[in-house]
Amino acid sequence: MTWDRDLFEEALSNGLQAWSLDHCAAKVPEMARFAELVVHTNQQLNLTRIVEPVEMALKNFLDSLSILQLPWPTEMRCMDVGTGAGFPGVPLAMVQGGWEVVLLDSLRKRLDFLAGAAAELSLDNVSILHSRAEDAGRHKEHRQGYDLVVSRAVAALPVLLELCTPLVKEGGLFAAYKGAGAALEVESAATAMDILRVRLERVFPLELPGEMGERNILLFRKPAPTPRSYPRKAGVPAKRPLE
């Protein structure tokens with residue numbers, strides 16, 4: 001298929017400028033190359049339903065970079081849970097060279113693609129982890145091992161909190177990328193926040209350029225260790241959410 005790289009780069013550059021993310025502009029060509037790899041691979045492997053250049057630039061890439069409107073340390077250990085096609089983890093790794101970004105997914109084929117793409121793009125700060133989040137959250141190498149955990153459109157918030165917050169260091173942050181219904185999801189997650197010992201620190205509302213939709217970044221702080229009984233076994237959080 002023919003894919004318009006120039007249109008992608010223009011839309012992404014304009015979006016970055018609109019959000020005062022000018023420091024990301026130097027990586028636009030690199031992000032365009034990754035977008036091309038996603039679109040090409042998507043013909044054989046279902047990575048994303050978003051392939052139109054402008055929509056991909058704004059809904060996948062700019063949306064992934066939205067948290068960079070907030071201040072962050074230049075060096076952190078970060079995990080992207082349920083990374084799928086590599087969003088938000090890969091764009092964040094491209095821009096934040098001092099971040100060590102681990103891409104977690106349960107589908108090996110997706111991770112094989114991402115490993116190849118990271119190698120082609122010389123993203124030395126990216127690694128992959130083939131695992132269920134519940135299993136990673138109980139592994140000594142990963143449990144409470146990350147300064148920042150991010151996840152985008154993976155599950156309802158009560159489930160997502162159980163999957164992700166065990167991976168966050170004590171004192172660290174979990175950033176959930178959510179859409180327009182974020183306020184209702186927060187209400188539904190009150191019990192999960194209490195049980196898992198995390199608190200909502202900030203809701204960061206956004207409007208994607210070009211009327212591409214409303215977004216909300218929900219930032220959760222973890223002031224205390226996760227209770228030992230969480231996360232529960234793989235599949236249980238989704239079947240029996242902490243509500």
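In this report, the structure presented in the accompanying data block is examined. (Residues numbered from 1 in each chain as written. Predicted model: local features only at pLDDT ≥ 70, side-chain atom pairs only at ≥ 80, totals over all residues. Heavy atoms only, no water.)

The next subject is the sheet that holds strand β5 (residues 168-178). One open sheet accounts for seven strands, arranged β3-β2-β1-β4-β5-β7-β6; its pairing is mixed. Lying at the two open borders of the sheet, with one neighbouring strand each, are β3 (126-130) and β6 (199-208). Each neighbouring strand pair of the sheet contributes to a mean axis angle of 20 degrees, computed without reference to strand direction. One ladder, built from six bridges, connects β5 with strand β7 (residues 213-221); its direction is antiparallel. Each bridged residue has a counterpart across the sheet, and for Ala175 the counterpart in β7 is Leu219. Most of the contacts of helix α5 (residues 108-120) go to β3, to which it runs at about 170 degrees, and overall it touches β2 (99-105) and β3. (Pairing = 2+ DSSP bridges. Helix = DSSP H or I, 4+ residues; strand = E, 2+ residues; numbered from the N terminus. Axes fitted to C-alpha atoms, helices over the stretch in contact; angles between N-to-C directions. Contact = heavy atoms within 4.5 Å.)

Applying the stated criterion across every chain yields a total of zero disulfides. With no disulfide of its own, Cys78 has Cys164 as its nearest cysteine by sulfur position, at a separation of 11 Å. (Disulfide = S-S within 2.5 Å.)

What follows is about the side chain of Lys178. You can see Lys178 is positioned in strand β5. Looking at Lys178, the relative accessible area reads 8%, which means it is buried. Within polar-contact distance, the side chain of Lys178 engages the backbone oxygen of Ala155 at 2.6 Å. Among the polar contacts made by the side chain of Lys178, one reaches the side chain of Glu185 at a distance of 3.2 Å. Aside from chain neighbours lying at most four places away, what touches Lys178 is Ala155, Ala156, Leu157, Leu160, Glu185, Arg215, Asn216 and Leu218. (Buried < 20%, exposed > 50% of the residue type's maximum accessible area, 1.4 Å probe, protein only. Polar contact = N/O pair within 3.5 Å; in protein donor to acceptor, adjacent residues only side chain to side chain.)

The analysis is restricted to geometry; functional conclusions fall outside its scope.
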